[in-house]
Structures are given as structure tokens and as C-alpha cells.
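# Structure assessment
Chain residues, written in single-letter form:
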Amino acid sequence: MTTPIRTPIRVRISIQIHTALRAGPFPETLRQRLIRYAVERWKAGVSVRTVAAELGVSGHTLSYWKAQAMGLPEKVRPVKVIEPVAQVKAYSLSGPSGTRVDGVSLDELAELFRKLS
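Small disclaimer: the values here were computed from a predicted structure and weren't measured.

### Observations concerning the overall build of the protein
- From N to C terminus, the protein includes 5 helices and 2 strands.
- In sequence order, the protein lays out its α and β elements as α-α-α-α-β-β-α.
- Of all 117 residues assigned to the protein, the portion counted as buried reaches 21%.
- If you take every contact in the protein between residues at least 6 apart in sequence, the share linking residues at least 24 apart comes to 29%.
- A total of about 9800 Å² of accessible surface is found on the protein, and carbon and sulfur atoms cover 58% of it.

Here it is in C-alpha cells:
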């Protein structure tokens, strides 16, 4: 059985101080140490949620850092918007005894169902 890696006490104290002061983004040097630690843990099969709890940071923050460490794009990529497929303007209704009504609009079909129920 392997011994779990413990978060260095200085790192945890730095995180707690930074969080308590609400000092904005983590300093780059601290963030790089956290990422190195997290990457080691992920390679060992530990989940993002567990590593976030060990470090005392939010899972969202750690997921963002993980994406950056893995080289995933940070920005939204442009997409091509296409025109929606034309909707059917007329419907057909077939009853259980063979009755069939063709060319009915959606509103007419809804009204028919309301009257039949």
C-alpha cells in the first residue's frame, strides 16, 4: 500500500491566507506549485474533487487549472450557425379504425385533441 502524498504545510497555509484575504487570483508561483502537486495526484488516479479538498481550493478553480495544465483551449471556439430545418406545416392524423385526416396544422391538431378528450 502506498503512502498518500500529503500537501506541504507551507502550501496549505499560503492557500488559507490567500483565501482569507480574498486577494484575487493566486500568485503565479503559488499556482504553479499547486498545479505540480495536483498533476502528481491526478497521475496517481486521484479525482479533481479530492485534490481540491486536499488543497483547500474550489473544484471549479482546480478544473480550470487542470485544463490549462493539459493545454486545453481556454476560450470558446467559434461555431457556424446553420439555419434550422423547415418545420412541417401540415400534419396527418390516423385513427385506430382507419380514419385519416391530412393537411392539419399544429393548432388544428391540438384543438382536435382537446375536443376529443
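### Looking at the side chain of Arg41
- As for its position among the elements, Arg41 is in helix α2 (residues 28-43).
- Looking at Arg41, its side chain comes within polar contact range of the side chain of Glu54, at 2.7 Å.

### Digging into the packing of α2 against helix α4 (residues 59-69)
- The contact between α2 and α4 brings their axes to 10 Å, and the two run at 85°. Accordingly, the angle class assigned to the pair α2 and α4 is roughly perpendicular. Counted together, Arg31, Leu34, Ile35, Ala38, Val39 and Trp42 of α2 and Leu62, Trp65, Lys66, Gln68 and Ala69 of α4 form the full contact between these two elements.

### Considering the side chain of Glu54
- With respect to the helices and strands, the residue Glu54 is situated in helix α3 (residues 48-55).
- Here Tyr37 takes part through its side chain, which lies 2.7 Å from a polar atom of the side chain of Glu54.

### Thoughts on the pairing of strand β2 (residues 100-104)
- Taken together, the 3 bridges between strand β1 (residues 91-94) and β2 define a ladder with antiparallel strand orientation. Across the sheet, Tyr91 pairs through a bridge with Val104, a residue of β2.
- The antiparallel pairing of β1 with β2 creates a hairpin that spans 5 residues between the two strands, and Gly98 there sits at a positive phi of about 100°.

### Some details on the pattern of salt bridges
- Evaluated as defined, the whole model comprises 4 salt bridges.
- Where Glu28 meets Arg31, a salt bridge forms, and the shortest distance between an N and an O atom there is 3.7 Å. With a gap of 3 residues between them, Glu28 and Arg31 both fall in helix α2, about one helical turn apart.
- Owing to a relative accessible area of 44%, Glu28 belongs among the partly exposed residues under this scheme.
- Overall, Arg31 belongs to the buried group, its relative accessible area being 17%.
- Of the charged contacts in the structure, one is a salt bridge between Glu54 and Arg41, with a shortest N-O distance of 2.7 Å. Separated by 13 residues along the polypeptide, Glu54 in helix α3 and Arg41 in helix α2 bring together distant segments of the chain.
- Note on Glu54: relative accessible area 18%, which makes it buried.

Cut-offs and rules
- Each residue is numbered by its place in its chain's sequence as written, counting from 1.
- Thresholds applied to this predicted model are a pLDDT of at least 70 for local features of residues and 80 or more for the giving and counting of side-chain atom pairs; totals over whole chains, interfaces and linings are not thresholded and use all residues.
- Excluded from the side-chain calculation are hydrogens and water; included are all heavy atoms of the structure.
- Strands here are runs of E lasting at least two residues and helices are runs of H or I lasting at least four, both read from the DSSP assignment and numbered beginning at the N terminus.
- Each residue is placed in one exposure class: buried if its accessible area under a 1.4 Å probe, protein chains only, is under 20% of its type's maximum, exposed if it is over 50%, and partly exposed if it falls in between.
- By definition, residues are in contact when any of their heavy atoms lie within 4.5 Å.
- Using a 1.4 Å probe, the Shrake-Rupley method yields the accessible areas, and only the shown protein chains count as cover for residues.
- A 3.5 Å cut-off defines polar contacts: any pair of N or O atoms within that distance qualifies, except that in protein one atom must be a possible hydrogen donor and the other a possible acceptor, and neighbouring residues in sequence count only when both atoms are side-chain atoms.
- A fitted line through C-alpha atoms serves as each axis, taken over the contacting stretch for helices, and the angle formed by two N-to-C directions is quoted from 0 to 180°.
- By definition in this entry, angles of less than 35 degrees are roughly parallel, angles greater than 145 are roughly antiparallel, angles of 65 to 115 are roughly perpendicular, and the rest are oblique.
- By the convention used here, strands pair only if DSSP detects at least 2 bridges between them.
- What counts as a salt bridge is simple: a side-chain nitrogen of Lys or Arg found within 4 Å of a carboxyl oxygen of Asp or Glu.

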